[in-house]
Amino acid sequence: KSSKREWKPLEDHSCTDVPWLLLFILFCVGMGFICGFSIATGAAARLLSGYDSYGNICGQKNVKVEGIVNSGLDLTHKKYVFFLDPCNIDLVHQRIKSLALCVSACPRKELKTLADIQKFAETNGSTLCSYELQPSEYTTDPRAAKLCPKYPVPESAPIPFFHRCAPVNISCYAKFAEALITFVSDSSVLHRLISGVMTSKEIIMGLCLLSLVLSMILMIIIRYISRVLVWILTILVILGSLGGTGVLWWLYAKQRISASAVETQIAKDNLQALLIYAISATVFTVILFLIMLIMRKRVALTIALFHVAGKVFIHLPLLVFQPFWTFFVLILFWTYWITVLLFLGTTGSPVPNEEGFVEFRMVGPLKYMWWYHVVGLIWISEFILACQQMTVAGAVVTYYFTREKRNLPFTPILASVNRLVCYHLGTVAKGSFIITLVKIPRMILMYIHTQLKGKENACARCMLKACICCLWCLEKCLTYLNQNAYTATAINSTNFCTSAKDAFVILVENALRVAAINTVGDFMLFLGKVLIVCSTGLAGIMLLNYQRDYTIWVLPLIIVCLFAFLVAHCFLSIYEMVVDVLFLCFAIDTKYNDGSPGREFYMDKVLMDFVENSRKSMKEAGRGGGAEGRELKPM
């Protein structure tokens, strides 16, 4: 037999993948350089203060741009950007296609004629026409038709912090919204959808809060009644899916009877939406029942593993709050990234365009900073998510391989964070970079597929979709392997490649257990997500039913269900992660320990009974082997 390296859980701590940490630090320095460069070249001032079509920054003195008239003006007292035609939106380049000027005040009421514009300029000292026209010439100069705003000038107000005059009534942007939502062919449909959301905003916020509360309650249930959780979830999902489907069909039948008396477009839309919901719920319920029928014999095998995971959450209660911290850090980074992206949109040198106005463009190698910035978004986001995985793995590993649970650190989560920062940031950087290498080609192919939509032939479309699907599958497999590699690193302080190889070998050796334990556990957690979404959706249906005469249901209900699934996924993904880490720890424990003196098992009796039951089930199915036949005895 080939020699096997001995695992020494939590005994040795050493720095791993240091070159990758240095590479990641250099990459972050490059991200900082992009931010500093955009600020140093005036992009921050142009973004926050705004600039006109001649390259002048509002609210300050400016330098003359060669070959551009009306540039280099002193606009100290004109602090707001005003667009002559704010509703003229270029859908291709996604920008306002209008002459921009710096003005001292935004028009706070509608101006219907040139005389009103002239009176506004004389009263407030804010000239809304181009700089070469004096207010006295607004009604007499023939150039005023091109150099003055398109009237009626809508009432506008400055956007906080960005000094742009924006119309108070945003209805002129409806065409832009309709262009983004391609399935809307009638503008009245879009208006009714938006009005439905605005009318039901209090209900939407209340239902989102309800989904958060339900997720917290489910986590508490998982902690304290894990033994009966599987059966409770199964029964509740059966009753919930049957009840939801029955309520939908009942509401459809009731509203169909009353629809003949009220012939409104909203009533017809709600009736059609109810029919679609009822049919979809029926199909979903049938599929769910078939899946549960197939997996009914393996449901009992997850109870013991859930019980051990519940013990982990009892000893490590801060694990529940990991999604909040990760989400908070991601929001901070994404805010920084979007801010720098906006800086990059206004950085560069002033260049005259074909219309004689000024645009700021980057030339030479600097124009590739966009790509660097996009790669930074993916890599650093994956790095933050990988830090969460490593933190959870380190805490659960500490719990599993500590024989006396009363000797656990006071805060295993903080101890895991400390080990991550001191030893394993390089491993996290390498693992997240591998995911980035797969994500970037997939995103490029998705962008190409979007740009060529309707232009490529069927064969090319099929090949693009096949490549995108293969890359997505590869990304999911690597993400799962990375998570187990982080667990192996937390156990034995080995570098990423060694940990990934060891974790892969362990998973292959326990392929049947992975299929019988891990997959079924993930399915039960999925049922928990379904329960939260169904409960929130059912509450939404009952509440929105009181507004069916003047509110369209489609968009509010979709928003609520999506938010409920997102919240449930954030909470239960931590539980799923704990189950995966426990399984790998258990597999390593059974491989390198046999219960003899000096090689005692770390697992508790509950998990051992679970393995024995799983082994018996495999034997009954004719899949038991000799190696599985030995009795596992606790310490």
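Numbering of residues begins from 1 in every chain and follows the order in which that chain's sequence is written. The predicted nature of this model means local features are confined to residues of pLDDT at least 70 and side-chain atom pairs, given and counted, to a pLDDT of 80 or more, with totals for whole chains, interfaces and linings taken over all residues. Water and hydrogen atoms play no part in the side-chain values, which are based on all heavy atoms of the structure.

The chain goes by Choline transporter-like protein in an unreviewed UniProt entry, where it is assigned to Oceanodroma tethys. UniProt positions are given in the numbering used here, feature names are shortened, and annotations may be inferred rather than shown by experiment. If you open the UniProt record of the chain and go to Function (unreviewed entry), you find "Choline transporter."

*Asks:* Would you mind showing me how to read the packing of helix 14 (residues 458–492) against helix 15 (residues 496–509) here?
*Replies:* In helix packing, the relevant descriptors are the interaxial angle and the interaxial distance, both defined with respect to the helix axes. Between helix 14 and helix 15, the shortest axis-to-axis distance is 8 Å and the interhelical angle comes to 110°. Relative to helix 15, the element helix 14 is oriented roughly perpendicular. For the pair formed by helix 14 and helix 15, the contact residues are Tyr-480, Leu-481, Asn-482, Asn-484, Ala-485, Tyr-486, Ala-488 and Thr-489 on the first element and Phe-496, Ser-499, Ala-500, Ala-503, Phe-504 and Leu-507 on the second. Amino acids outside the nonpolar list (Ala, Val, Leu, Ile, Met, Phe, Trp, Tyr, Cys, Pro) and the charged list (Asp, Glu, Lys, Arg) are all regarded as polar, and Gly is one of them. Broken down by class, the residue content of the contact of helix 14 with helix 15 amounts to ten nonpolar, four polar and no charged. Every angle, taken between N-to-C directions, lies between 0 and 180 degrees, and every axis is a line fitted to C-alpha atoms, over only the stretch in contact when it is a helix. The secondary structure listing takes helices from DSSP runs of H or I that are at least 4 residues long and strands from runs of E that are at least 2 residues long, numbered from the N terminus. Orientation labels follow simple angle bins: below 35 degrees gives roughly parallel, above 145 gives roughly antiparallel, 65 to 115 gives roughly perpendicular, and whatever is left gives oblique. Working rule for contacts: check all heavy atoms of both residues, and any pair within 4.5 Å makes them a contact.

*Asks:* Sorry, what's going on with the pairing of strand 4 (residues 100–103) here?
*Replies:* Within a regular strand, side chains alternate between the sheet's two faces. Buried means the residue's accessible area, taken with a 1.4 Å probe over protein chains only, is under 20% of the maximum for its type, while exposed means over 50%, and partly exposed covers the values in between. Here strand 4 shows a buried face lined by Ala-100 and Cys-102 and a second buried face lined by Leu-101 and Val-103. Only strands joined by at least two bridges in the DSSP assignment are considered to pair. With four bridges joining them, strand 1 (residues 80–83) and strand 4 adopt antiparallel strand pairing. For Phe-82, the partnering residue across the bridge sits in strand 4 and is Leu-101.

*Asks:* What should I look at first to understand the packing of helix 13 (residues 412–451) against helix 14 in this one?
*Replies:* Where helix 13 contacts helix 14, the two axes come as close as 9 Å, and the packing angle between them is 170°. The pairing of helix 13 with helix 14 is recorded here as roughly antiparallel in orientation.

*Asks:* Can you help me understand the pairing of strand 8 (residues 358–361) in this one?
*Replies:* Side chains Val-358 and Phe-360 of strand 8 all project onto a buried face; the interleaved residues Glu-359 and Arg-361 project onto a face where none is buried. With four bridges connecting them, strand 7 (residues 349–352) and strand 8 associate as antiparallel partners. Looking at the pairing, Ser-349 lines up with Arg-361 of strand 8.

*Asks:* Help me out: how do you make sense of the side chain of Asp-141 in this one?
*Replies:* Within the element layout of this structure, Asp-141 appears in the loop between helix 3 (114–124) and helix 4 (144–147). A polar side-chain atom of Asp-141 sits 2.9 Å from the main-chain amide nitrogen of Arg-143. Pairing of N or O atoms within 3.5 Å defines a polar contact, subject to two protein rules: one partner must be a possible hydrogen donor and the other a possible acceptor, and residues neighboring in sequence count only if both atoms are side-chain atoms.

*Asks:* I would appreciate a short explanation of a nonpolar patch on the surface in the present structure.
*Replies:* On the surface, Leu-209, Leu-212, Val-213, Ile-217, Leu-318, Phe-321, Phe-324 and Trp-325 cluster together into a nonpolar patch covering about 740 Å² of accessible area. The biggest single contributor to the nonpolar patch is helix 7 (residues 201–224), with four residues. Residues with no salt bridge and a relative accessible area higher than 30% make up the patches, which join like charges within 9 Å and nonpolar side chains (Val, Leu, Ile, Met, Phe, Trp, Tyr) within 5 Å. Per-residue and other accessible areas follow the Shrake-Rupley method at a 1.4 Å probe size, with only the shown protein chains counted as cover for residues. Salt bridge, as applied in this entry: a Lys or Arg side-chain nitrogen positioned within 4 Å of an Asp or Glu carboxyl oxygen.

*Asks:* Help me out: how do you make sense of unusual backbone geometry in this one?
*Replies:* Apart from glycine, the bulk of residues carry a negative phi angle, and the bulk of peptide bonds sit in the trans form. Located in the positive-phi region is Asp-17, a residue other than glycine, with phi close to 55°. Within the secondary structure, Asp-17 sits in the segment before helix 1 (18–40). Under the relative-accessibility criterion, Asp-17 is labelled buried at 11%.

*Asks:* For this particular structure, what's the right way to read the state of the cysteines?
*Replies:* By definition, a disulfide links two cysteine residues through a covalent bond between their sulfur atoms. The disulfide definition used here is simple: a pair of cysteine sulfur atoms within 2.5 Å. Tallying each qualifying case throughout the model produces three disulfides. Cys-58 shares a disulfide with Cys-102; S-S distance 1.9 Å. On the S-S bond that ties Cys-58 to Cys-102, the torsion sits near -80°, and the link is left-handed. With Cys-58 in the loop between helix 2 (43–49) and strand 1 and Cys-102 in strand 4, this pair connects stretches of sequence that are 44 residues apart. Take Cys-58 and Cys-102: they sit in the same class, and that class is buried. Here Cys-129 connects covalently by a disulfide to Cys-148, the sulfurs 1.9 Å from one another. Looking along the S-S bond of the Cys-129-Cys-148 disulfide, the torsion reads about 110°, which is the right-handed sense. Of the two residues, Cys-129 is situated in the loop between helix 3 and helix 4 and Cys-148 in the loop between helix 4 and strand 5 (156–158); the sequence distance between them amounts to 19 residues. Judged by relative accessible area, Cys-129 falls into the buried class, the value being 0%. Free of any disulfide, Cys-469 has its nearest cysteine sulfur in Cys-473, 4.3 Å distant. Under the relative-accessibility criterion, Cys-469 is labelled partly exposed at 44%.

*Asks:* Help me understand the packing of aromatic side chains in this model?
*Replies:* Both the distance between ring centres and the angle between the ring planes are used here to describe each pair of aromatic rings. Any two of the Phe, Tyr and Trp rings considered here, Trp counted by its six-membered ring, make a pair once their centres fall within 6.5 Å; the pair's planes then place it as stacked at under 30 degrees, edge-to-face at over 60, or tilted in between. Applying the stated criterion to the full structure yields 15 aromatic pairs. Taking 5.0 Å as the distance between ring centres and 70° as the angle between the ring planes, the aromatic pair formed by Tyr-400 and Phe-401 counts as edge-to-face. For the pair shown, Tyr-400 and Phe-401 are each scored as buried. Here the aromatic rings of Phe-583 and Phe-586 are separated by 6.5 Å at their centres, their planes lie at 45°, and the arrangement is tilted. With Phe-583 and Phe-586 both in helix 17 (residues 554–592) and three residues apart, this pair spans about one turn of that helix.

*Asks:* For this particular structure, what's the right way to read the nonpolar core?
*Replies:* Across soluble globular proteins, nonpolar side chains have a tendency to be buried as a group. One finds Leu-319, Tyr-575 and Val-578 to be the most contacted residues of the largest nonpolar core, which totals 79 residues. Top element by residues in this core is helix 17. It accounts for 18 residues. Ignoring any residue separated from it by four or fewer positions in sequence, one finds Leu-319 in contact with Val-312, Phe-313, Val-392, Val-396, Ile-413, Ile-574 and Val-578. Buried residues of nine kinds, namely Ala, Val, Leu, Ile, Met, Phe, Trp, Tyr and Cys, make up a nonpolar core once their side-chain atoms join them within 4.5 Å.

*Asks:* I keep staring at helix 11 (residues 322–345) and nothing clicks. Help me out?
*Replies:* One turn of an α-helix holds 3.6 residues; hence residues three or four places apart share an orientation. With 24 residues, helix 11 extends 34 Å between its outermost C-alpha atoms, agreeing within 8% with the 34 Å of an ideal straight helix rising 1.5 Å per residue. Listed as buried for helix 11 are Gln-322, Pro-323, Thr-326, Leu-330, Phe-333, Trp-337, Val-340, Phe-343 and Leu-344. A helix's residues, less one, multiplied by 1.5 Å, set its expected span.

*Asks:* Explain the environment of Ala-100 here, please?
*Replies:* Considering the arrangement of structural elements, one finds Ala-100 in strand 4. Once residues within four sequence positions are removed from consideration, Ala-100 is found in contact with Tyr-51, Asp-52, Ser-53, Val-81, Phe-82 and Phe-83.

*Asks:* What exactly am I supposed to notice about the environment of Ala-253 here?
*Replies:* Mapping Ala-253 onto the fold places it in helix 8 (residues 226–259). Along the backbone, Ala-253 and Leu-271 are 18 residues apart, and their C-alpha atoms lie at a distance of 9.2 Å.

*Asks:* How should the side chain of Thr-398 be read in this particular structure?
*Replies:* Within the secondary structure, Thr-398 is located in helix 12 (residues 369–400). Of note is the side chain of Thr-398, whose polar atom sits 2.8 Å from the backbone oxygen of Gly-394.

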